[in-house]
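This is what each chain is made of:
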Amino acid sequence: MADPRGFITTARQVPERRPISERVNDWKEVYPGTVGRACLPIISEQAGRCMDCGIPFCNNGCPLGNLIPEWNDLVWRDKWQEALERLHATNNFPEFTGRLCPAPCETACVVGISRDPVTIKNVEVSIIDKAWDDLRVIPQQPEWHTSKTVAVIGSGPAGLAAAQQLTRAGHTVVVYERADQVGGLLRYGIPEFKLEKSVLDRRLKQMVLEGTQFKTGVEIGVDILISELQEMYEAIVVATGSTIPRGITVPGVDLKGIHQAMEYLPQANRAALGKDVPNQITAKNKNVVIIGGGDTGADCLGTAIRQGAKSVTQLEIMARPGDERPAHQPWPTYPMTFKVASAHEEGGDRVYAVNTVAFTDDGTGAVSGLDVVEVEFVNGKFLAKEGTERHIPAELVLFAMGFVGPERAGIIDELGLELDDRGNITRNEDYSTNVTGVFACGDAGRGQSLIVWAIAEGRSCARGVDAFLSGTSKLPRSVSPQLRQLML
Ligand SMILES: Cc1cc2nc3c(=O)[nH]c(=O)nc-3n(C[C@H](O)[C@H](O)[C@H](O)COP(=O)(O)OP(=O)(O)OC[C@H]3O[C@@H](n4cnc5c(N)ncnc54)[C@H](O)[C@@H]3O)c2cc1C
Ligand code: SF4
C-alpha cells in the first residue's frame, strides 16, 4: 500500500491549466508543457492517496482493467519504470487515455465514496509522459515471425491497438487508412488543444519500428475491394469507426453554413497544423451555434473560440444535469453530472432543454439563425413549452449529435456482415463476425463510444485473430463485446 494515511492527510490536487487569455491564442494543449509534465510536481503525493483496496473498484470501472493500485503504489515509491511496465501490461496507449478518458475509474474509486477520488488519470499520464521524456518507451519487436498476414482497416485507437498486439505476436500486419494520415479520430476529430498530434506521432513511430506497416489514402471497398483484401491476407480486422452522423429534419436544414462537426473539426485540425485548407469552414467573426451538448460539441466550442468567433452557443435538448450524483446512478457507476470541459471555461453559452424548430435564411440561401423552443421530457417524449419560442442568430451552425453506426457501402454490404439492432457489426466473444476470418472492433462494432473502449476492444480482438491464425493465443483479453450493455 502507498501512504496508509494519504487519503486522510492529503487533499486531491489536479494541475492548473494555462491561463485562458493565453491558451485561446494558440492550439497547444491546455496544460503548460504537456499534461504529464504539468502533473509531475504533485503526482507522487497524489498517488499516495490510494488505499490499495482489497477489491479495487477502480480496476473494475476501467474497461482495460488497468492495474491502478499497483502503479499508484509504485509511483509513490518512486519506481517509475516498474509502474510503466504495469501500465503497459493492460494499455497500449496510456498517453491517449491519460489525456482524453472521462475516467470511469475515478467515479468508481472507493475514496470517492466519502472524499474526492484519487487522481488516477493524472498518475497514468505522468507515468507514460515521463517514460517518453526519459526515452524509456522503446519498440518491442517480436521474437519470431509467424508468416501469417493480417489487414487492419482503419487506424483509429481500435485498429492501432489490434495492429500493435498482432505485430508483437509475430504476424505481418498492414493497416489501411483512407485519410491522408494515420490516427482516426485521434488525428482529425480531437483538437490539438486536447491532444497534440506529436503525442500520436511518437507512438506511431514506435509501431513502425516494431514492424507494423501503414498504407494511407486507401479506402477499402473503393480503392481495393474487400474481396481482393481477403485474397491477400489470412485475417481482416474491420476497425472503421462509427461514421454516419446523426442529423435533424427541420425546415432550412440544407442552408449554407450548416455543417456536421466532423466536416468542421478535421479542417480546423489540418489548419491548426499549418496545412492549406481550401474553402475552410471557419467560425471567424461569426455567431456560432453548436447543436449537441456533449464532448464533440465542446471540441467545436474550443475550436470556434480559437478561430475568433463573435459568439458561441451550445444547445442541448436534455435538461442540465445536476452537480451531484443522481440517486439512480450510485457509486461506483458512471454518473451523468454537469461537466465543465476546458473549452467551457474559455467562453460561450450553454443552453439546456431546447429544441430546434427551424433554420432561417438570410435571403441568399445561407443560414442566419435558428428558431428554438424550450422543451420538457414527459413520458419518453420532448414536449414544447408554449410561449418559449425564440430566435438565436447564427451564421455557422454545427451538428454535434453523435453517430448512428458504421457506413454500409463497401465493406459491410460487400461482405454481407451481420448488423445488430443498432446498426453496428455483430461479433461473437472472439470478435469474429459472421464471415470467417473477418473480425471487428471499436466503434464499428460497439457503436459510438470512447477511446478506452476502442483500445480495450482492439487488444481483445487481436487475441481472437491470433487464436484464429495460430490455434491458440497468449495475448491478453481486456473485455468481452457483450459487456457493452453493463458498462459505460
Ligand atoms: C470530435 C470527437 C471528439 C472525441 N473526443 C473523445 C475524448 O475526448 N475522449 C474519448 O474517450 N473519446 C472521444 N471521442 C470518441 C473516440 O474518438 C472514439 O470512440 C474512438 O476514436 C473510436 O475508435 P475507432 O478506432 O473505433 O474508430 P475511429 O477513431 O473513428 O477510426 C476509424 C478509422 O477508420 C477509417 N476508415 C473508415 N472506413 C474506411 C475504409 N473503408 N477504408 C480505410 N479506412 C477507413 C477512418 O478514416 C478512421 O480513420 C471523440 C469523438 C469525436 C467525434
Ligand atoms: S478504488 Fe481508489 S483507493 Fe481503491 S485501489 Fe483504486 S484508486 Fe486506490
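Please refer to the structure higher up on the page.
To keep things clear, this report deals only with the structure shown in the data block. (Residues numbered from 1 in each chain as written. Chains lettered and ligands numbered in written order. Predicted model: local features only at pLDDT ≥ 70, side-chain atom pairs only at ≥ 80, totals over all residues. Heavy atoms only, no water.)

A contiguous nonpolar surface patch, about 290 Å² in accessible area, is contributed by Met318, Phe377 and Phe382. When you line up the elements, Phe382 lands in strand β11 (residues 381–384). Owing to a relative accessible area of 32%, Phe382 belongs among the partly exposed residues under this scheme. (Patch = residues over 30% accessible without salt bridge, like charges linked within 9 Å, V, L, I, M, F, W, Y side chains within 5 Å. Areas by Shrake-Rupley, 256 points an atom, 1.4 Å probe, with all protein chains shown as cover. Salt bridge = Lys/Arg side-chain N within 4 Å of Asp/Glu carboxyl O. Helix = DSSP H or I, 4+ residues; strand = E, 2+ residues; numbered from the N terminus. Buried < 20%, exposed > 50% of the residue type's maximum accessible area, 1.4 Å probe, protein only.)

Right, let's talk about the site of ligand 2 for a bit. Neighbouring residues of ligand 2: 13 residues in total, closest Cys50, Cys53, Cys58, Cys109 and Val110. No other element matches helix α5 (residues 68–76), which puts 3 residues into the shell around ligand 2. Across the shell around ligand 2, the residue classes tally to 11 nonpolar, 1 polar and 1 charged. (Near = heavy atom within 4 Å. Nonpolar A, V, L, I, M, F, W, Y, C, P; charged D, E, K, R; others polar.)

Below, the discussion takes up the site of ligand 1. Taken together, 32 residues lie around ligand 1, and Leu100, Glu177, Lys194, Asp443 and Ile451 are the ones closest in. With respect to ligand 1, the side chain of Lys194 contributes an N or O atom lying 2.9 Å from an oxygen atom. Measuring from an oxygen atom of ligand 1, one finds a backbone N or O atom of Ile451 at 3.0 Å. Burial of ligand 1 by the protein chains amounts to 94% of its free accessible area of 1000 Å². Elements that contribute at least two residues to the shell around ligand 1 include exactly α10 (157–168), β2 (172–177), α15 (295–307) and α19 (451–470). (Polar contact = N/O pair within 3.5 Å; in protein donor to acceptor, adjacent residues only side chain to side chain.)

One open sheet holds the 5 strands; their spatial order is β3-β2-β1-β4-β14, and the pairing between them is parallel. The open sheet is flanked by β3 (213–216) and β14 (438–440), the only strands paired with a single partner. The average angle at which neighbouring strand axes cross in this sheet is 20°, direction not considered. Note that strand β1 (residues 149–153) and strand β4 (residues 235–238) share 4 bridges and pair parallel. Within β4, the position partnered with Val152 by the bridge is Val237. Sitting on the sheet, α10 touches β1, β2, β3 and β4, and the angle it makes with β2 is about 165°. (Pairing = 2+ DSSP bridges. Axes fitted to C-alpha atoms, helices over the stretch in contact; angles between N-to-C directions. Contact = heavy atoms within 4.5 Å.)

The amide bond that connects Trp331 to the next residue, Pro332, takes the cis arrangement and shows omega of 5°. For Pro332, the location among the structural elements is in the loop between β7 (311–316) and α16 (342–346). For Asp52, which is not glycine, the phi torsion reads 50° and is therefore positive. For Asp52, a relative accessible area of 36% gives the class partly exposed.

Here the idea is plain: a probe the size of a water molecule rolls over the atoms and shows the empty space left. Considering only enclosed or pocket space, the second largest pocket measures out at about 560 Å³ in volume. Together, 21 residues line the second largest pocket, and Gln165, Arg168, Ala169, Lys474 and Leu475 are the ones closest to its centre. Put simply, the parts of the chain that give the lining of the second largest pocket at least two residues each are α10 and α19. For the lining of the second largest pocket, the leading source of residues is α19, giving 3 residues. Of the residues belonging to the lining of the second largest pocket, the class tally is 6 nonpolar, 10 polar and 5 charged. (1 Å grid on protein atoms, 1.4 Å probe; cavity = no way out; pocket = protein on both sides within 12 Å on 5 of 7 lines; lining within 4 Å. Points joined across faces, edges and corners; volume = space filled by probe spheres on them.)

Moving on to the side chain of Ser242. Residue placement: Ser242 occurs in the loop between β4 and β5 (258–260). Among the polar contacts listed, one links the side chain of Ser242 to the backbone nitrogen of Gly405, at a separation of 3.2 Å. In this structure Ser242 touches Phe403, Val404, Gly405, Pro406, Asp443, Ala444, Gly447 and Gln448, once residues within four positions along its chain are discounted.

As a further point, take the pairing of strand β9 (residues 354–361). The side chains of a regular strand alternate, first on one face of the sheet and then on the other. Here β9 runs beside strand β10 (residues 367–378); their pairing, made up of 7 bridges, is antiparallel. Note that in β10 the partner of Phe359 across the bridge is Leu370. In textbook terms, the turn of a hairpin is the stretch between consecutive antiparallel strands, and for β9 and β10 this stretch comprises 5 residues, one of which, Gly363, has a positive phi near 100°.

Next up on the list: the sheet that holds β7. Strand order in the open sheet made by the 5 strands is β5-β13-β6-β7-β8, with parallel pairing throughout. At either end of the open sheet lies a strand with only one pairing partner, and these are β5 and β8 (349–352). Direction aside, the axes of adjacent strands within the sheet are offset by 20° on average. Direction of pairing for strand β6 (residues 287–291) relative to strand β13 (residues 396–399): parallel, over a ladder of 4 bridges. When the bridges of β13 are listed, Val289 appears paired with Val397. Against the sheet, α15 contacts β6, β7 and β13, and its axis sits at roughly 175° relative to β7.

Another aspect to go through is the pattern of salt bridges. Summed over the entire model, instances satisfying the criterion amount to 27 salt bridges. Note that Glu429 is salt-bridged to Arg477, the shortest N-O span being 2.8 Å. Here the residue Glu429 occupies a position in the loop between α17 (411–415) and β14, and Arg477 occupies one in the segment after α19, the gap between them amounting to 48 residues. Residue classification places Glu429 among the partly exposed residues on the basis of a relative accessible area of 38%. Residues joined by salt bridges that share partners form a network here, namely Arg17, Arg23, Arg306, Glu345 and Glu346.

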